[in-house]
Amino acid sequence: MYSAFAAKPFSGDTLSVEDENDLTYLGLIAEMDPPREESKQAVAECRSAGIKPVMITGDHIVTASAIAKEIGILEKPEEAVEGAALDAYTDEQLVDFVADKSVYARVTPEHKIRIVRAWQKRGNIVAMTGDGVNDVLALKEADCSVAMASGSDVAAQISDLVLMNSDFSSMPLCGGG
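Conventions adopted
- Residues numbered from 1 in each chain as written.
- Predicted model: local features only at pLDDT ≥ 70, side-chain atom pairs only at ≥ 80, totals over all residues.
- Heavy atoms only, no water.
- Pairing = 2+ DSSP bridges.
- Helix = DSSP H or I, 4+ residues; strand = E, 2+ residues; numbered from the N terminus.
- Patch = residues over 30% accessible without salt bridge, like charges linked within 9 Å, V, L, I, M, F, W, Y side chains within 5 Å.
- Areas by Shrake-Rupley, 256 points an atom, 1.4 Å probe, with all protein chains shown as cover.
- Salt bridge = Lys/Arg side-chain N within 4 Å of Asp/Glu carboxyl O.
- Buried < 20%, exposed > 50% of the residue type's maximum accessible area, 1.4 Å probe, protein only.
- Expected span 1.5 Å × (residues − 1).
- Contact = heavy atoms within 4.5 Å.

## Thoughts on the sheet that holds strand 5 (residues 103–105)
With parallel pairing, three strands are arranged side by side in an open sheet as 3-5-4. The sheet is open, and its two edges are formed by strand 3 (55–56) and strand 4 (80–82), each paired on a single side. Of the strand pairs in this sheet, strand 3 and strand 5 are connected by two bridges, and their pairing is parallel. Bridge assignment links M55 to a residue of strand 5, and that residue is V103.

Written out as structure tokens, the structure is:
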């Protein structure tokens, strides 16, 4: 994530929209929320157990791809797609489209449901992890839903399993448990 900083002298008591004009650029800060250390090992253990890990996120495709590559989910750039691209496909077409995708970025809750259903129609058992209200419908649709305890109450209530430590690697076959 990037944050830009700007300033200008101000002596009033209240701010207005006009006060946001004629600012002097001060700088840019890049922030990074690195993946947990145990993520890479958890993904490797899932793969060795025959589980295909897939990332579905609201993050920008560049951010999602970098993280997915770092932890072993993304092998080739063409395996990553933005949610908007899914809109061009019918549900039937999506079944074939998802076959070689492992990262879905900038997705909506509706995209998440369609992705889960497409993988199911391919004959896969789908486990979905999530922590937010935006994950609830896809969690409900998945064959096995796993919520993070640190997330929303509604995600925890709808899920089959709640990870009390909010650590993906503590799931059986995915790093421990």
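## Some remarks on a nonpolar patch on the surface
Taken together, the side chains of Y2, Y25 and L28 define a hydrophobic patch exposed on the protein surface, amounting to about 420 Å² of accessible area. Tracing the sequence through the fold places L28 in strand 2 (residues 24–30). Residue L28 is classed as exposed on the basis of its relative accessible area of 53%.

## Details of helix 5 (residues 109–121)
Because the α-helix completes a turn every 3.6 residues, residues three or four places apart line up on one side. Compared with an ideal rise of 1.5 Å per residue, which puts 13 residues at 18 Å, helix 5 spans 19 Å between its outermost C-alpha atoms and is within 8% of the ideal. Turning to helix 5, its buried residues are H111, K112, I113, R114, I115, V116, A118, W119 and Q120. In the core, the buried residues of helix 5 are packed alongside strand 3, helix 3 (83–86), helix 4 (91–97), strand 5, strand 6 (127–130) and helix 6 (136–141). Looking one or two residues past helix 5, G123 carries a phi angle of roughly 90 degrees, positive in sign.

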